[in-house]
Amino acid sequence: MDYTTTNGTAEKLRTQALIVGIYEDEGLSPSAQRIDKASEGYLSKLISQGDFSGKIERNLLLFALPGIKAERVMLMGCGEKNKFESKKLRHGWSTIIKVLEECGATDVVACLLELKPKHEDISQWARLMTETAEHASYYYDQTKSKKKALKYPLSQINFLLEQRTQQSAVARGIQWGQAIAKGVSLARDLANLPGNICTPTYLADTASKMAKEYKSLTVKILDREDMEKLGMGALLAVARGSQQSPKFICLEYKGTSSKQQPIVLIGKGITFDSGGISIKPAASMDEMKYDMSGGASVLGTIKACAELKLSLNVVALVPCTENLPDGNATKPGDIVTSLSGQTIEILNTDAEGRLILCDALTYSKHYHPKIVIDVATLTGACVIALGAHASGLLSNDQDLANSLLSTGQMSNDPVWQLPLWEDYQQQLKSNFADMANVGGREAGTITAACFLSRFAEDFSWAHLDIAGTAWNSGKDKGATGRPVPLLTQYLIQYAQAGVVPKNK
Ligand code: BES
Ligand code: MN
Ligand code: ZN
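Residues numbered from 1 in each chain as written. Chains lettered and ligands numbered in written order. Predicted model: local features only at pLDDT ≥ 70, side-chain atom pairs only at ≥ 80, totals over all residues. Heavy atoms only, no water.

An unreviewed UniProt entry lists the protein chain under the name Probable cytosol aminopeptidase, from Candidatus Nitrosoglobus terrae. Per UniProt, the protein chain has the following entry under Subcellular location (unreviewed entry): "Cytoplasm". Of the protein chain, the UniProt comment under Function (unreviewed entry) reads exactly: "Presumably involved in the processing and regular turnover of intracellular proteins. Catalyzes the removal of unsubstituted N-terminal amino acids from various peptides." (UniProt positions renumbered as here; feature names shortened; annotations may be inferred.)

(A) Representation of the environment of Gly-478 within the structure. With respect to the helices and strands, the residue Gly-478 is situated in strand β21 (residues 478–479). Separated by ten residues in the primary sequence, Gly-478 and Gly-468 have C-alpha atoms spaced 12 Å apart. (Helix = DSSP H or I, 4+ residues; strand = E, 2+ residues; numbered from the N terminus.)

(B) Local environment of the packing of aromatic side chains. With the rule as written, the count across this model stands at nine aromatic pairs. Seen from their ring centres, Tyr-23 and Phe-84 are 6.2 Å apart, and the 80° between their planes marks the pair as edge-to-face. Remark: Phe-84 occurs in the loop between β5 (72–77) and α3 (86–101) and Tyr-23 occurs in strand β2 (residues 17–23); sequence separation between them is 61 residues. Across the pair, Phe-84 and Tyr-23 agree in class, each one buried. Seen in terms of ring centroids, Phe-451 and Phe-455 are 5.4 Å apart; in terms of plane orientation they differ by 40°. Their pairing is tilted. Through a chain of ring-to-ring contacts, three or more aromatic side chains come together here, namely Tyr-23, Phe-84 and Trp-125. (Phe/Tyr/Trp six-rings, centres within 6.5 Å; stacked < 30°, edge-to-face > 60°. Buried < 20%, exposed > 50% of the residue type's maximum accessible area, 1.4 Å probe, protein only.)

(C) Region of interest: the site of ligand 1. Taken together, 16 residues form the shell around ligand 1, and within it Lys-280, Asp-291, Asp-350, Glu-352 and Gly-380 come nearest. Separating an oxygen atom of ligand 1 from a side-chain N or O atom of Asp-273 is a distance of 2.9 Å. Between ligand 1 and Asp-291, the relevant distance is 2.9 Å, taken from a nitrogen atom to a side-chain nitrogen or oxygen of the residue. When isolated, ligand 1 has an accessible area of 510 Å², and the protein chains bury 77% of it. Its atoms largely coinciding with the cavity grid, ligand 1 occupies the second largest pocket. (Near = heavy atom within 4 Å. Polar contact = N/O pair within 3.5 Å; in protein donor to acceptor, adjacent residues only side chain to side chain. Areas by Shrake-Rupley, 256 points an atom, 1.4 Å probe, with all protein chains shown as cover. 1 Å grid on protein atoms, 1.4 Å probe; cavity = no way out; pocket = protein on both sides within 12 Å on 5 of 7 lines; lining within 4 Å. Sits in = over half its atoms within 2 Å of the grid points.)

(D) Seen up close, the sheet that holds strand β13 (residues 334–337). Pairing is mixed in the open sheet, where three strands are placed in the order β13-β14-β18. Looking at the sheet topology across the chains shown, the edges are occupied by β13 and β18 (435–436). Taken together, the four bridges between β13 and strand β14 (residues 343–346) define a ladder with antiparallel strand orientation. When the sheet's bridge partners are listed, Thr-337 is paired in β14 with Thr-343. (Pairing = 2+ DSSP bridges.)

(E) Here's a closer look at the UniProt feature "binding site: Mn(2+) 2" (unreviewed entry) in the protein chain. As annotated in UniProt, the feature "binding site: Mn(2+) 2" (unreviewed entry) corresponds to Lys-268, Asp-273, Asp-291 and Glu-352 in the numbering used here. On the basis of their most widely separated C-alpha atoms, the annotated residues across 85 residues gather in one place, lying no more than 11.2 Å apart. Here, the largest cavity is lined by Glu-352 out of the annotated residues. Among the structural elements, Asp-273 can be located in strand β11 (residues 269–273).

(F) The arrangement of the UniProt feature "domain: Cytosol aminopeptidase" (unreviewed entry) in the protein chain in detail. Here, the residues flagged by UniProt with the feature "domain: Cytosol aminopeptidase" (unreviewed entry) are residues 348–355. Within the segment residues 348–355, helix and strand shares are 38% and 0% respectively, and the terminal C-alpha atoms sit 11 Å apart.

(G) Representation of the coordination of the zinc ion (ligand 3) in the model. Here the zinc ion (ligand 3) is held by Lys-268 (NZ), Asp-273 (OD), Asp-291 (OD) and Glu-352 (OE), and the distances to it run 2.0 to 2.4 Å. Because the angles between the six donor atoms bound to the zinc ion (ligand 3) fall within 78 to 176°, the donor set is best described as octahedral. Every donor residue of the zinc ion (ligand 3) comes from the same chain, spaced as K-x4-D-x17-D-x60-E. Distance-wise, the manganese ion (ligand 2) is placed 3.1 Å from the zinc ion (ligand 3), both being coordinated by Asp-273. With a gap of 79 residues between them, Asp-273 in strand β11 and Glu-352 in the loop between β14 and α10 (353–363) connect regions that are remote in the sequence. Relative accessible area serves as the criterion here: at 1%, Glu-352 is assigned to the buried category. (Donors = N, O, S within 2.8 Å, 3.2 Å for Na, K, Ca; no water. Tetrahedral: all angles 85-135°; square planar, octahedral: opposite > 155°, others 65-115°.)

(H) Expanded view of the layout of surface pockets. If you add up the space inside the second largest pocket, you get close to 870 Å³. Taken together, 36 residues line the second largest pocket, and the ones lying closest to its centre are Lys-280, Leu-378, Thr-379, Gly-380 and Ala-381. Secondary structure elements with two or more residues in the lining of the second largest pocket: α10, α11 (380–386), α13 (444–453) and β20 (471–472). The biggest single contributor to the lining of the second largest pocket is α11, with four residues. Class assignment of the residues belonging to the lining of the second largest pocket gives a composition of 13 nonpolar, 14 polar and nine charged. (Points joined across faces, edges and corners; volume = space filled by probe spheres on them. Nonpolar A, V, L, I, M, F, W, Y, C, P; charged D, E, K, R; others polar.)

(I) The domain arrangement of the protein chain, seen in detail. Annotation of the protein chain at the domain level lists domain 1 (2–161) and domain 2 (179–497). On a C-alpha basis, the centres of domain 1 and domain 2 stand 38 Å from each other. The interface of domain 1 with domain 2 comprises twelve residues on the first partner and 17 residues on the second. When the two sides are added together, the surface that domain 1 and domain 2 hide from each other amounts to roughly 1,200 Å², 49% of it contributed by carbon and sulfur. Ranking the residues of domain 1 by area buried against domain 2 places Glu-131, His-135 and Tyr-138 at the top, with a combined share of 41%. Applying the counting criterion to the domain 1 and domain 2 interface returns zero salt bridges. At the junction of domain 1 with domain 2, the criterion picks out eight residue pairs in polar contact (both at pLDDT 80 or more). The set of elements that each furnish at least two residues to the side of domain 1 that touches domain 2 consists of α3 and α4 (122–137). Broken down by element, the residue count for the side of domain 1 that touches domain 2 peaks at six residues, all from α4. For the side of domain 1 that touches domain 2, the class distribution of residues is three nonpolar, five polar and four charged. (Domains from an automatic or database assignment. Contact = heavy atoms within 4.5 Å. Buried area = accessible area lost by both parts, 1.4 Å probe. Salt bridge = Lys/Arg side-chain N within 4 Å of Asp/Glu carboxyl O.)

(J) Local environment of the side chain of Ser-293. Structurally, Ser-293 is set in helix α9 (residues 293–308). Taking relative accessible area as the criterion, Ser-293 reaches 5% and is therefore assigned buried. Within the structure, the side chain of Ser-293 is placed 2.5 Å from the backbone oxygen of Tyr-290, a separation counted as a polar contact. Once residues lying within four places of it in the same chain are set aside, the contact partners of Ser-293 are Ala-191, Lys-268, Thr-377, Ile-466, Ala-470 and Trp-471.

Structure representation (structure tokens):
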């Protein structure tokens, strides 16, 4: 889809469709008022007769309105005016996109910048409109024999400016939105693919393809032998039960002088989590193909960085393997030595995410990172605690946690912090090794992060538990691409703040 800005007044725009907002309580938005006036009260009559309420997510498509140049006018319900904000825009606008895909218009003008509440930033509003349109028109068809074939696919969206002076701010928002959407789509595609296609090798090949596509990227893939040489005993313990070769992806984005310390993003890449010998129950086990969503999201974020040519350095590390039962698989009670040298008693083979992540955290020291953020579908407990709305956030650096919290709000991809107090660490005590890999039923998300914190003592680190946010279950089952918007926005801001000086 192409996005541009346009000037002019609603009633005079020659376009296939014009989208205008209608509030439930306050009635017509500025553009709707102009259309109403030019059509001698067509819209106000519709509303007063009770044919359109302006309720959120309601819409109405009108043809050939008298006095209006546009072929169609699409009314978008906005709900109550003082409650209209980014979440409402997202819901209303997604519905509109889906309706537009089913109608004859392919090139449209959206009069939605004017709906921005005063406290919102115009670039962010444009970013959200772009990202939302891309999200709503995403369709997974890679493993369907019939591909999506729309008769009139939406191909061009023009945002009507209120003033010419908004142009550059809106254009910037569109650019961010498009880059984020590319990252989100990549993450969704990878996560939606089944485990028999999206194997560790498939993920590694995807990273290699990315490095071919963008000059700013370089890739290195470690295989089982490399991991053995390095001593990644924890990661290898998870891979023991799998016939697929494990891969450790290192994808580097260079956007500035190589002297600048990078931000390292680590993503969990379990391409299928059966639980291993501590096998999971059968119900919904298919959803464990999504256990590589963290890895997919860091690859997606790197793509967005490369698209935007951000001036900073970022490294994505994705440890990839399956977690399966087998005669050769790790058993409860087995003790392994991690890359850090610390020994781990594996009491539950289903707590495998932390085992692959701990070796990646230790490995990240090779890059002398400024900040390390890991992203993982780590605990069912996080789904119970926060549901599908916020990802869990735990960190050993409150400044980093604060920036992620506020960026989460700004990017409409929220996170919520849980404590990482010393008190919880004792749950990981083992009589036979330096630590156990599980800490009991209580505070499962926190003890998982406590485990990781033992491998992150030398740098600023944050952990995002995306178990509840990475995909939707039920009839709309599918990957969300979270937290690509949060991570990309964080990196945009990091690059802008000049924390990393520009390369001249
Ligand atoms: N991948 C799962 C976590 C998960 C479960 C995410 C359900 C989303 C939905 C992880 O590897 C796991 O199995 N965690 C265990 C840890 C436990 C054994 C301490 C869990 O949460 O049950
Ligand atoms: Mn597991
Ligand atoms: Zn898992």
